[in-house]
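Tertiary structure, described
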Amino acid sequence: MADKQRVLIIKLGALGDVVIATPHIATILEAFPESEVHLLTSPPFAGLFSSHERLHVTAMPRKGFGAMWQTILWLRRMRFSVVFDLQGSDRSRVMTLLSGASQRVGLGPSLIYTQRPTQDDSSTPVFERLNVLLQSAGLPVAEPCPQLWVEQEAYAVVDRWLRERKVNKPLALLHAGSSARWLSKRWPEARFLELARQIEAAGFQVVWLGGGDEHALNERLASQTGIDATAAFSIAELAALASRAAFAVVNDSGPMHVISTANIPVYAFFGPTNWKRSHAIGQASRVIYHPVECAPCHLPVCPSERRHQCMEAISVESVLARLRQDGVVT
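Scope of this entry: the structure provided in the associated data block.

Let us now look at the overall build of the chain. Scanning the chain from terminus to terminus reveals 14 helices and 11 strands. Expected size for 330 residues packed as a compact globule is a radius of gyration near 20 Å; at 21 Å, the chain falls within 12% of this value. For the chain, the C-alpha atoms occupy an extent of roughly 60 × 45 × 35 Å along the three principal directions. Looking at the chain as a whole, 51% of its 330 residues qualify as buried. Contacts in the chain between residues at least 24 apart in sequence constitute 61% of all its contacts with a sequence separation of at least 6. Accessible surface, the chain as shown: approximately 15100 Å² in total, 50% of it carbon and sulfur.

With that out of the way, let us pick up the sheet that holds strand E3 (residues 56-59). Strand order in the open sheet formed by five strands is E3-E2-E1-E4-E5, and the pairing between neighbours is parallel. Among the strands making up the open sheet, the edge pair consists of E3 and strand E5 (103-105). With strand direction ignored, the average angle separating the axes of adjacent strands in the sheet is 15°. Contacts between helix H5 (residues 90-98) and the sheet are confined to strand E1 (6-10), strand E2 (36-41), strand E4 (82-85) and E5, with E4 contributing the most and set at about 170° to the helix.

Here we come to the side chain of Ser178. Looking at the secondary structure, you find Ser178 in the loop between strand E6 (171-175) and helix H8 (189-201). What makes Ser178 buried here is its relative accessible area of 2%. Among the polar contacts made by the side chain of Ser178, one reaches the main-chain carbonyl oxygen of Trp182 at a distance of 2.8 Å. Those residues in contact with Ser178, other than ones at most four positions away along the chain, are Leu183, Lys185, Arg186, Asp213 and Glu214.

Our focus in this paragraph is the packing of helix H2 (residues 22-31) against helix H6 (residues 126-136). A pair of packed helices is captured by two measures, namely the crossing angle of their axes and the spacing between those axes. Contact geometry of H2 with H6 gives a least axis separation of 10 Å together with a crossing angle of 15°. With respect to each other, H2 and H6 are oriented roughly parallel. Relative to H6, H2 is oriented so that their crossing is right-handed. Residue-level contacts link Pro23, His24, Thr27 and Ile28 of H2 to Phe127, Leu130, Asn131 and Leu134 of H6. In terms of residue class, the contact of H2 with H6 is built from five nonpolar, three polar and no charged.

As a further point, take the packing of aromatic side chains. Pairs of aromatic rings are described using the distance from one ring centre to the other and the angle between the two planes. Enumeration over the complete set of coordinates arrives at 10 aromatic pairs. Where Trp161 meets Phe233, the ring centres are 5.0 Å apart and the plane angle is 70°; that geometry is what we call edge-to-face. Remark: Phe233 occurs in the loop between strand E8 (227-228) and helix H10 (235-243) and Trp161 occurs in helix H7 (residues 152-164); sequence separation between them is 72 residues. Relative accessible area serves as the criterion here: at 8%, Trp161 is assigned to the buried category.

Our focus in this paragraph is the pattern of salt bridges. Scanning the entire structure with this criterion turns up eight salt bridges. In this structure, Arg160 engages Glu153 in a salt bridge whose closest nitrogen and oxygen atoms are separated by 3.9 Å. For Glu153, a relative accessible area of 48% puts it in the partly exposed group. Between Asp252 and Lys185 there is a salt bridge whose closest N-O contact spans 3.5 Å.

This brings us to the packing of H8 against helix H14 (residues 316-325). For the pair H8 and H14, interaxial distance at closest approach is 10 Å and the crossing angle is 35°. Crossing handedness for the pair H8 and H14: right-handed. The segment H8 lies against H14, with Arg191, Glu194, Leu195, Gln198 and Ile199 engaging Val316, Val319, Leu320, Leu323 and Arg324.

Criteria and thresholds
- Residues numbered from 1 in each chain as written.
- Predicted model: local features only at pLDDT ≥ 70, side-chain atom pairs only at ≥ 80, totals over all residues.
- Heavy atoms only, no water.
- Helix = DSSP H or I, 4+ residues; strand = E, 2+ residues; numbered from the N terminus.
- Rg over C-alpha atoms; globule rule 2.2 N^0.38 Å.
- Buried < 20%, exposed > 50% of the residue type's maximum accessible area, 1.4 Å probe, protein only.
- Contact = heavy atoms within 4.5 Å.
- Areas by Shrake-Rupley, 256 points an atom, 1.4 Å probe, with all protein chains shown as cover.
- Pairing = 2+ DSSP bridges.
- Axes fitted to C-alpha atoms, helices over the stretch in contact; angles between N-to-C directions.
- Polar contact = N/O pair within 3.5 Å; in protein donor to acceptor, adjacent residues only side chain to side chain.
- Parallel < 35°, antiparallel > 145°, perpendicular 65-115°, else oblique.
- Left-handed = near helix turned anticlockwise from the far one by under 90°.
- Nonpolar A, V, L, I, M, F, W, Y, C, P; charged D, E, K, R; others polar.
- Phe/Tyr/Trp six-rings, centres within 6.5 Å; stacked < 30°, edge-to-face > 60°.
- Salt bridge = Lys/Arg side-chain N within 4 Å of Asp/Glu carboxyl O.

Structure representation (structure tokens):
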């Protein structure tokens, strides 16, 4: 390989998928130690890699013909030798094909990719599918250790926030919400509240996480126990906050994946989505779910006749028992 060759990794989103791909990004970097390696991602995720010493990060909007055209022009100017398409969307396939790279690695048709898995099962977890993609290019598989390259300033922001609130107890991060279009992912609010009370009684400081969609929810919860951190942190700062925490209890969400990069126990509720495909890397043993005939249904709102059985059947007592069993809460 030429020392100055340019390698491109395409991973546009979404948040959880970007985090899942971080071990594969690290593996590609290790495989091309003398090359100039670039990452093409979406603006919200560019900061997650800002402190990486070798990775050159370029952000592009995910929508719009103008953005696509400008990106293609940029790809042609850069003259990449190798492209790894970790996204696998129609958009990223067009980019890969028009990049002009002689080596194009991805999941898809041979018309686009020069190296691709001979078999690809879309029901396989994303992490494993990307490992098969790496193997098709002769690279080793990635280890299941998600990571983010976060600026030190993010840790300073978090520590300042904790000092201002005089937090002097171990942190427990709770995420009771979800995207507004995925209400079916939410464990019942009243149970999250009772769980938080029990966790605080055990000597922890509960911090409620979430974005704009969870503002009203977290305001209600924090009015009774815990600290409201809705929209208080960037994605990078959330990763920094997680590094200061003892454990987390969350719904299936983007924050679940970000928190997992801190290598703390992350307990996640699953019901309407398939936990085998979507759990945070390294956290499969901490998935909390109740099997019912209709799950996973992949419906954003549970039909009333089903009474949200997959989530309603999970009791506060069973969650606490699991935390105690694992020695997280005594």
